[in-house]
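Topology and contacts: notes
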Amino acid sequence: MNVLLLGGSPSTPSTTWRLQQLVGARLAAHGHRTVALQVRDLPAQSLLRADTSDPAIAEAVALVSDADAVVVGTPVYKASFSGVLKVFLDLLPQDGLANKLVLPLATGGSQSHMLALDYALRPVLASLAPRHILPSIYATSEQLPWDPDKGLAPVAAIAARIDAGVEQLVHELQGALLRKAAGPRSALAPIPA
């Protein structure tokens, strides 16, 4: 199944992007195809003008459309998700995440920003009609130490949340694959919470 890693960090290097790459590598180890899209790499003028006729913007919207799941990553600024991510999400059609699984990830400077996922990002994602939004993963920069030689080494508590999030997404993707193989009647089957 196809998983889009949608990066909403305006900076590089980015702790958020490193976290997304770690999640992507674990999903790939389970046999899922991952594709990366960094919103900051899209043409700024076309992005801000919502110019979906721009080839790069059209391709980015198509990547979302083609994905079975989207891992949305953002840093938290001023108690909300990044503006660059919001501008991109605004380009998507009203049902832009229809039939998709969504795993939200965020990084921030302190634990006091963790609710930004539930109070700021989750409602916007829900308005795009995803099939299911999985529990969010939030971590501070201190919980995601970076070593140039060893890479990202999350502290134990965050590593456990990442493992649980990846496992849940893999489980949900397998269920979606089985429903797809069984035909349209099974597509109406409820998704376990």
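Evaluated as defined, the whole model comprises 3 salt bridges. A salt bridge links Arg 26 to Asp 163; the nearest nitrogen and oxygen atoms lie 2.5 Å apart. Highlighted residues: Arg 26 in helix H1 (residues 15-29) and Asp 163 in helix H6 (residues 156-182), separated in sequence by 137 residues. On the basis of relative accessibility, which here comes to 28%, the residue Arg 26 falls in the partly exposed class.

This brings us to the pairing of strand S2 (residues 33-38). In this sheet, S2 lies alongside strand S1 (residues 2-7) in parallel orientation, the contact comprising 6 bridges. Among the inter-strand pairings, Leu 5 is bridged to a residue of S2, identified as Ala 36. Read as a crossover between parallel neighbours, the route from S1 over H1 to S2 is right-handed.

Packing of H1 against H6 brings their axes to within 10 Å, and their N-to-C directions diverge by 45°. Between H1 and H6, the angle is such that the two are oblique. The way H1 lies across H6 gives a crossing that is right-handed. From H1, Leu 19, Leu 22, Val 23, Arg 26 and Leu 27 reach across to H6, where they touch Ala 159, Ile 162, Asp 163, Val 166, Leu 169 and Val 170. Tallied by class, residues from the contact of H1 with H6 come to 9 nonpolar, no polar and 2 charged.

Time to look at helix H3 (residues 55-66). The end-to-end C-alpha separation of H3 is 16 Å, in line with the 16 Å expected for 12 residues at 1.5 Å each. Every buried residue belonging to H3 is among Ile 57, Ala 60 and Val 64, and all of these are buried. Each buried residue of H3 sits inside an arc of 60° when the element is viewed along its axis, so together they form one side. Residues of H3 that are exposed and point more than 90 degrees away from the buried face comprise Pro 55, Glu 59 and Asp 66. Contact partners of the buried residues in H3: S1, S2, helix H2 (44-48) and helix H4 (83-91). With a side-chain oxygen lying 2.8 Å from the backbone nitrogen of Ala 56, the N-terminal cap of H3 falls on Asp 54.

The biggest cluster of nonpolar side chains holds 33 residues, and the ones touching the most others in it are Leu 6, Phe 88 and Leu 89. Counting residues per element, the ones that place at least two in this core are S1, S2, H3, strand S3 (69-77), H4, strand S5 (101-108) and helix H5 (116-126). With 6 residues, H5 is the single largest residue contributor to this core. If near-sequence neighbours (up to four positions away) are discounted, Phe 88 is found in contact with Leu 6, Leu 37, Val 39, Leu 42, Leu 47, Ala 60, Val 61 and Val 64. Formed by 25 residues, the second largest nonpolar core is a distinct cluster that contains Trp 17, Leu 27, Ile 162 and Leu 169.

Pro 13 follows Thr 12 through a cis peptide bond whose omega is -5°. You can see Pro 13 is positioned in the loop between S1 and H1. Even without a glycine there, the phi angle at Ala 50 is positive, about 55°. Despite not being glycine, Ala 129 shows a phi value in the positive range, around 65°.

Let us look at the pairing of S5. The side chains of a regular strand alternate, first on one face of the sheet and then on the other. Taking burial as the measure, the 8 residues of S5 include 8 buried ones, the bulk of the element. Burial along S5 is two-sided: the face carrying Leu 101, Leu 103, Leu 105 and Thr 107 and the face carrying Val 102, Pro 104, Ala 106 and Gly 108 are both buried. Pairing geometry for S3 and S5, over 7 bridges, is parallel. Opposite Thr 74, over in S5, you have Ala 106 as the bridge partner. Of the strand pairs in this sheet, S5 and strand S6 (residues 132-133) are connected by 2 bridges, and their pairing is parallel. What sits directly across from Leu 101, in S6, is His 132. Pairing between S5 and strand S7 (residues 137-140): 4 bridges, direction parallel. Paired with Ala 106 across the strands is Tyr 138, a residue of S7.

Calculation criteria
Residues numbered from 1 in each chain as written. Predicted model: local features only at pLDDT ≥ 70, side-chain atom pairs only at ≥ 80, totals over all residues. Heavy atoms only, no water. Salt bridge = Lys/Arg side-chain N within 4 Å of Asp/Glu carboxyl O. Helix = DSSP H or I, 4+ residues; strand = E, 2+ residues; numbered from the N terminus. Buried < 20%, exposed > 50% of the residue type's maximum accessible area, 1.4 Å probe, protein only. Pairing = 2+ DSSP bridges. Right-handed = clockwise from strand over helix to strand, strands pointing away. Axes fitted to C-alpha atoms, helices over the stretch in contact; angles between N-to-C directions. Parallel < 35°, antiparallel > 145°, perpendicular 65-115°, else oblique. Left-handed = near helix turned anticlockwise from the far one by under 90°. Contact = heavy atoms within 4.5 Å. Nonpolar A, V, L, I, M, F, W, Y, C, P; charged D, E, K, R; others polar. Expected span 1.5 Å × (residues − 1). Arc of directions from axis to C-beta. Polar contact = N/O pair within 3.5 Å; in protein donor to acceptor, adjacent residues only side chain to side chain. Core = buried A, V, L, I, M, F, W, Y, C linked by side-chain atoms within 4.5 Å.

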